[in-house]
Amino acid sequence: MSSGASHLYVAARAHDEVRTAEGGACFVQPSLLKMKLQDAERHPLIRALLGDDRHVERLFDGTLGLAADAMHAASVLGCEVVGTEASPVLFSLLEEGLARLGRAEPLIARVRPQLGEAQAALAALPDGSFDVVMLDPMMSRPKRSTPSFAVLRAFAKDERADASLLHEALRVARRRVVLKLGKGAPLPPDAPYGFPRVERGSSVTYWVHDRA
Ligand SMILES: C[S@@+](CC[C@H](N)C(=O)[O-])C[C@H]1O[C@@H](n2cnc3c(N)ncnc32)[C@H](O)[C@@H]1O
């Protein structure tokens, strides 16, 4: 008998995962992390985060998703990462997955997820309390077809980084704001400041506003 549900949240001994009716599954995993770590500080995400001052102790990731970027940053830079995820389902995967992976890898244990909206979390933080604020909104991303991205898309908050979110990001960021967009996606038209530094990946662009 079919329940009619499109997704199933499974808490298993190995890990929590979200399964689709078509048999896809999605969970927090360090999928491409090993490969990315080979690029060390040459990786465009790390170049974007480090800038010229090359100092990131505290990173705020307003759009955690499945924390691939957060785990990458923590693993290369050894920084503390505090992040928000607006979707309760994705947050539940993050809570289980980061705790599981963090038991084997102490640097991943430095990523601390919070359930909630980036803007509200940033608004509660003091000026300059993080070195870098990073944002990776869904709206600018191509409709990829990997099972885990399809699950992410089904539950994710799907909004642009608007002017008020970017404003709060800059207030909290002591060194820089990094906005990750799909390759070719335009910057938000109402962005309250410029992103003059650009680090390019193969399918994404990291737009960087470095504070003077
Ligand atoms: C493109 S994904 C981020 C992927 C992530 N960078 C990674 O490496 O796995 C965007 C995620 O941010 C979440 N999100 C989008 N806007 C948000 C907001 N304003 N506050 C909190 N979470 C948000 C979405 O629910 C989605 O899971």
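Residues numbered from 1 in each chain as written. Predicted model: local features only at pLDDT ≥ 70, side-chain atom pairs only at ≥ 80, totals over all residues.

K.L.:
Whenever I open this one, helix 3 (residues 68-77) confuses me. Can you help?
P.N.:
One turn of an α-helix holds 3.6 residues; hence residues three or four places apart share an orientation. The element helix 3 is extensively covered by neighbouring structure, given that 9 of its 10 residues are classed as buried. Along helix 3, the residues that are buried comprise D69, A70, M71, H72, A73, A74, S75, V76 and L77. G78 sits one or two positions beyond helix 3 and adopts a positive phi of about 70°. (Buried ≥ 20, exposed ≤ 12 C-beta atoms within 10 Å, placed from the backbone. Helix = DSSP H or I, 4+ residues; strand = E, 2+ residues; numbered from the N terminus.)

K.L.:
How should I be thinking about the nonpolar core in this particular structure?
P.N.:
Within soluble globular proteins, side chains that are nonpolar tend to cluster in buried spots. The biggest cluster of nonpolar side chains holds 55 residues, and the ones touching the most others in it are L49, L59, A73 and V133. Ranked by residue count, the leading element in this core is helix 3, at 6 residues. (Core = buried A, V, L, I, M, F, W, Y, C linked by C-beta atoms within 7 Å.)

K.L.:
What should I look at first to understand the pairing of strand 7 (residues 130-135) in this one?
P.N.:
A regular strand places its side chains so that they alternate between the two faces of the sheet. Here strand 7 lies mainly inside the structure; 6 of its 6 residues are buried. Pairing of strand 4 (residues 58-61) with strand 7 involves 3 bridges; the strand directions are parallel. Within the sheet, the bridge partner assigned to F60 lies in strand 7 and is V133. Bridge analysis of strand 7 against strand 8 (residues 173-182) gives 5 bridges, and the strand direction is parallel. Of the residues in strand 8, the one forming a bridge with V133 is V177. (Pairing = 2+ DSSP bridges.)

K.L.:
Explain the pairing of strand 1 (residues 7-11) to me, please; I cannot follow it from the model alone.
P.N.:
Across the 5 residues of strand 1, 0 count as buried, placing the element largely on the outside. One ladder, built from 5 bridges, connects strand 1 with strand 2 (residues 16-20); its direction is antiparallel. Bridging from a neighbouring strand, V10 pairs with E17 of strand 2. The hairpin formed by strand 1 and strand 2 contains 4 residues between the paired strands.

K.L.:
Would you mind going over the sheet that holds strand 5 (residues 80-85) with me for this structure?
P.N.:
Hydrogen bonds between backbone atoms are what pair the strands of a sheet, whose relative direction is either parallel or antiparallel. Read from one edge to the other, the open sheet built from 7 strands follows the order 6-5-4-7-8-10-9, with strand pairing classed as mixed. Only two strands of the sheet have a single neighbouring strand rather than two, namely strand 6 (111-115) and strand 9 (197-200). Each adjacent strand pair in this sheet contributes to an overall mean axis angle of 20°, direction not counted. (Axes fitted to C-alpha atoms, helices over the stretch in contact; angles between N-to-C directions.)

K.L.:
For this particular structure, what's the right way to read helix 7 (residues 163-172)?
P.N.:
All buried positions along helix 7 are accounted for by L165, L166, E168, A169 and V172. Each buried residue of helix 7 sits inside an arc of 160° when the element is viewed along its axis, so together they form one side. Looking at the buried residues of helix 7, the elements they touch are strand 4, helix 5 (118-123), strand 7 and strand 8. (Arc of directions from axis to C-beta. Contact = placed C-beta atoms within 7 Å.)

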